[in-house]
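The lines below spell out each chain.
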Amino acid sequence: MAENARTAVYRVIALDAQAVRAREGNRGLQESTDTMRKALDAHEKTVLDLAAVESASQDSRATMLALEQDFERQQLGLNKILGLESEIKVRLRSGLTLPTHLDLADEHDLLYNIESRRLDLLGLQQGYESQDATVRAAILARFPKMSLAFVRAKDNTNVQSSGFSVAVEVPIFDRNQGVIATERATRQKLRDEYNQRVFEARSDIATALADIRSLNRQVAAAAEALPVLERLLNSAQTAMEQRNVDVLSYYTARNNLLQKRIQLIKLEEQLLEAHTALEIASGRFLPSNAMLNAR
């Protein structure tokens, strides 16, 4: 539950940042649309120019509304995990940002003694030990029970007799074989489930580490692309003002920059989620994931 709540917080922060970027882009396009309408009325721009900016503005608005809807839904999801009413607004600490890089933990250290950290593996161990005791009890039940008693008797002529009575239950038929087979099968099932869980845990750790390595590279590549797109947008704006390119090219460059910024935020969110998956798989709290970065 704690890991789920923390992941929900990551998503709230990421969606809030994406929505902020989308609102900034939409606000700028709305201002450009108003300016373009005035220029059209003054016969300084064409209808095609106005149509290009209106189309870009509508696409930007659709993106903004979709992100705002996802943000509100994720806030409600966070309230649900925390056990709060839907009308309560959870206030997160201001100035939180998603990290752009996470250091990798040592794989051998995470794999070492994992059987004693994962609660599901510990539970299966206890279940196997309990079932093993049940099997032993079933095996003991196959042996015959014997009872010994001292018997005293007297008939109607007042003749008394005494002696010992020995009773032995002879397992003539299955000798408890059916019960033993059932309990052994249950024990084997627990053993197989345990081995499968251990294998999956090791595989999940390797997968999470590979995801973190890949996402670190993707985040770095997206961050490096932002200055290039910003320079391209500035060049397109200058060229548009000099009437060297059409308006559509400028707004395409502007939309590409906005989408790259949103993509970067999504990658940073995925990076934290992969780190959380690594914690769950290893059964260990990793200090490098203890808190988000503060501005």
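Residues numbered from 1 in each chain as written. Predicted model: local features only at pLDDT ≥ 70, side-chain atom pairs only at ≥ 80, totals over all residues. Heavy atoms only, no water.

Engineer: Honestly, the overall build of the protein chain in this entry has me stumped. Any pointers?
Structural biologist: Secondary structure assignment for the protein chain yields six helices and four strands. For the protein chain, the succession of helices and strands along the chain, N to C, is α-α-β-α-α-β-β-α-α-β. Across the 295 residues of the protein chain, 32% fall into the buried class. Across the protein chain, the fraction of contacts at a sequence separation of at least 24, relative to all contacts at a separation of at least 6, is 75%. Carbon together with sulfur atoms contributes 53% to the accessible area of the protein chain, which is approximately 18,700 Å² in total. (Helix = DSSP H or I, 4+ residues; strand = E, 2+ residues; numbered from the N terminus. Buried < 20%, exposed > 50% of the residue type's maximum accessible area, 1.4 Å probe, protein only. Contact = heavy atoms within 4.5 Å. Areas by Shrake-Rupley, 256 points an atom, 1.4 Å probe, with all protein chains shown as cover.)

Engineer: How should I be thinking about the packing of helix 5 (residues 177-241) against helix 6 (residues 247-282) in this particular structure?
Structural biologist: The angle between the axes and the distance between the axes are what describe a pair of packed helices. Here helix 5 crosses helix 6 at 165 degrees, and the two axes come no closer than 8 Å. Considered as vectors, helix 5 and helix 6 are oriented roughly antiparallel to each other. In this structure, helix 5 meets helix 6 at a crossing whose hand is left-handed. Per-class residue counts for the contact of helix 5 with helix 6 are 26 nonpolar, seven polar and seven charged. (Axes fitted to C-alpha atoms, helices over the stretch in contact; angles between N-to-C directions. Parallel < 35°, antiparallel > 145°, perpendicular 65-115°, else oblique. Left-handed = near helix turned anticlockwise from the far one by under 90°. Nonpolar A, V, L, I, M, F, W, Y, C, P; charged D, E, K, R; others polar.)

Engineer: I tried to follow helix 5 on my own but got confused; where do I start?
Structural biologist: Helical geometry: 3.6 residues make up each α-helical turn, so side chains three or four residues apart lie on a common side. Along its 65 residues, helix 5 runs 91 Å from first to last C-alpha, staying within 8% of the 96 Å computed at 1.5 Å per residue. Immediately downstream of helix 5, the backbone of Arg243 shows phi near 60 degrees, a positive value. (Expected span 1.5 Å × (residues − 1).)

Engineer: How do you make sense of the environment of Asn216 when you look at a structure like this?
Structural biologist: Structurally, the position occupied by Asn216 is in helix 5. With relative accessibility at 10%, the residue Asn216 sits in the buried group. A sequence separation of 115 residues divides Asn216 from His101, and the C-alpha atoms of the two residues are 5.6 Å apart. Not counting residues within four places of it along the chain, the set of residues in contact with Asn216 comprises Thr100, His101, Leu102 and Leu271. One polar contact links the side chain of Asn216 to the main-chain carbonyl oxygen of Leu102, over a distance of 3.0 Å. (Polar contact = N/O pair within 3.5 Å; in protein donor to acceptor, adjacent residues only side chain to side chain.)

Engineer: Any chance you could explain the nonpolar core here in plain terms?
Structural biologist: Side chains of a nonpolar character, in soluble globular proteins, are inclined to be buried together. Ile205, Tyr251 and Leu278 are the most contacted members of the largest nonpolar core, which has 54 residues in total. Elements represented by at least two residues in this core include exactly helix 1 (2-41), helix 2 (47-82), helix 3 (107-111), helix 5 and helix 6. Tallying contributions element by element places helix 6 first for this core, with 15 residues. (Core = buried A, V, L, I, M, F, W, Y, C linked by side-chain atoms within 4.5 Å.)

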